[in-house]
Amino acid sequence: MRRDERMQEDFLGSFPEVYREQGGFFARYLKVLSSVYDEVQEAVEKRAEILDIEKADRERLIQYAAWFGFDCGGSVFDDDELRRIVGSLSGWNRKKGTKTVVQEILKDFYKEEAFLCEKEDGEVAIVMEGRKGRKEKEKILFLLEQFIPAGVRLLVLDGADGGGMGGIVFTEVNSILVTPDERRMDIQAALE
């Protein structure tokens, strides 16, 4: 049975018995309406495909991201990363400007827990366990900077940054105090 015949039966089945006569005036009238309905239904089904993130091309993904106010930065992210970002933007936008969104992005997007250390001057250090290359750190910063409050400066620290303590002290990270080497003069007297 063809789709239009099935649709006609569905239409006829919703009316009283008097109107269900096959080939009658009412059935022919509904057939005209169902053909219009079929065209509209096909258009709706095509629209649903257009909005499918998994099937969208790069240009469409960039357009979807723009709908959420997200700057994709040209070619900063590859297509798979962009798909994951666009799929998460709705939830991230609801938490924009919070510490929670930063932790969620790092956990969902980078599959890594991170420790955030906030300083009084508006600087937030993100301490991550694994080593990150320069490009990866730039990606992290580019992504996170779109969800943090204005005036906050991010600093990404990872395993490659060493264990020395500077202006920020991390209690959850193994650290050492850097002390100057002891110096001696010719007469064997120690300098302090």
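Now for a look at the structure at hand.

1. Observations concerning the sheet that holds strand E2 (residues 123-128)
Consideration 1: Strand order across the open sheet formed by three strands is E1-E2-E3, with mixed pairing between neighbours. On the outer flanks of this sheet lie strand E1 (114-118) and strand E3 (153-157), each paired with one strand and no other. Shown here is a sheet whose adjacent strand axes are inclined to one another by a mean of 20°, direction ignored.
Consideration 2: Both E1 and E2 contribute to a ladder of five bridges, which runs antiparallel. Paired with Cys117 across the strands is Ala125, a residue of E2.

2. A word on the nonpolar core
Consideration 1: Membership of the largest hydrophobic core comes to 30 residues, with the highest contact counts inside it found for Phe70, Trp92, Leu106, Ile126 and Leu143.
Consideration 2: Elements represented by at least two residues in this core include exactly helix H3 (58-67), helix H4 (79-94), helix H5 (99-110), E1, E2, helix H6 (134-144) and E3.
Consideration 3: Counting residues per element, this core draws most heavily on H5, at six residues.
Consideration 4: The contact partners of Trp92, leaving out residues within four places of it in the chain, are Ile85, Val101, Glu104, Ile105, Asp108, Phe109, Leu143 and Phe147.

3. Details of the side chain of Glu104
Consideration 1: Within the secondary structure, Glu104 sits in helix H5.
Consideration 2: One polar contact links Glu104 to Lys95, side chain to side chain, over a distance of 2.5 Å.
Consideration 3: Beyond its immediate sequence surroundings of up to four residues, Glu104 is in contact with Trp92, Lys95 and Phe109.

4. Details of the pattern of salt bridges
Consideration 1: Inspection of the entire model under this criterion finds six salt bridges.
Consideration 2: For Glu118, the salt bridge is made with Lys99, and the minimal N-O distance between the two is 3.7 Å. With Glu118 in strand E1 and Lys99 in helix H5, this pair connects stretches of sequence that are 19 residues apart.

5. Looking at H5
Consideration 1: A rise of 1.5 Å per residue sets the reference length of H5, with its twelve residues, at 16 Å; its end C-alpha atoms lie 16 Å apart and thus fit the reference within 8%.
Consideration 2: Within the span of H5, buried status applies to Val101, Val102, Glu104, Ile105, Leu106, Phe109 and Tyr110.
Consideration 3: The inward-facing, buried residues of H5 abut H4, E1, E2 and H6.
Consideration 4: Phi for Lys111, located one or two positions after H5, is positive at around 55°.

Cut-offs and rules
Within any chain, residue numbers begin from 1 and follow the written order of that chain's sequence. In view of the model being predicted, local features appear only for residues whose pLDDT reaches at least 70, and side-chain atom pairs are presented and counted only at 80 or more, with totals across whole chains, interfaces and linings using the full set of residues. Values shown for side chains rest on all heavy atoms present in the structure; no hydrogens or waters enter the calculation. Two strands pair under a simple rule: DSSP has to find at least two bridges between them. Starting at the N terminus, helices and strands are each numbered in turn, a helix being any DSSP run of H or I of at least four residues and a strand any DSSP run of E of at least two. For helices, the fitted line uses only the C-alpha atoms of the stretch in contact; every axis is such a line through C-alpha atoms, and the angle between N-to-C directions lies from 0 to 180 degrees. Throughout, nonpolar core names a set of buried Ala, Val, Leu, Ile, Met, Phe, Trp, Tyr and Cys residues whose side chains join them through atoms within 4.5 Å. Only protein chains enter the accessibility calculation, which uses a 1.4 Å probe; a residue whose area is less than 20% of its type maximum is buried, one above 50% is exposed, and one in between is partly exposed. Here, residues are in contact when the closest pair of their heavy atoms is within 4.5 Å. Polar contacts, as counted here, are pairs of nitrogen or oxygen atoms within 3.5 Å of one another; within protein the pair requires one atom able to donate a hydrogen and one able to accept it, and residues that are adjacent in sequence qualify only if both atoms are side-chain atoms. Salt bridges are defined as contacts in which a side-chain nitrogen from Lys or Arg sits within 4 Å of a carboxyl oxygen from Asp or Glu. Each residue after the first adds 1.5 Å to the expected span of a helix.

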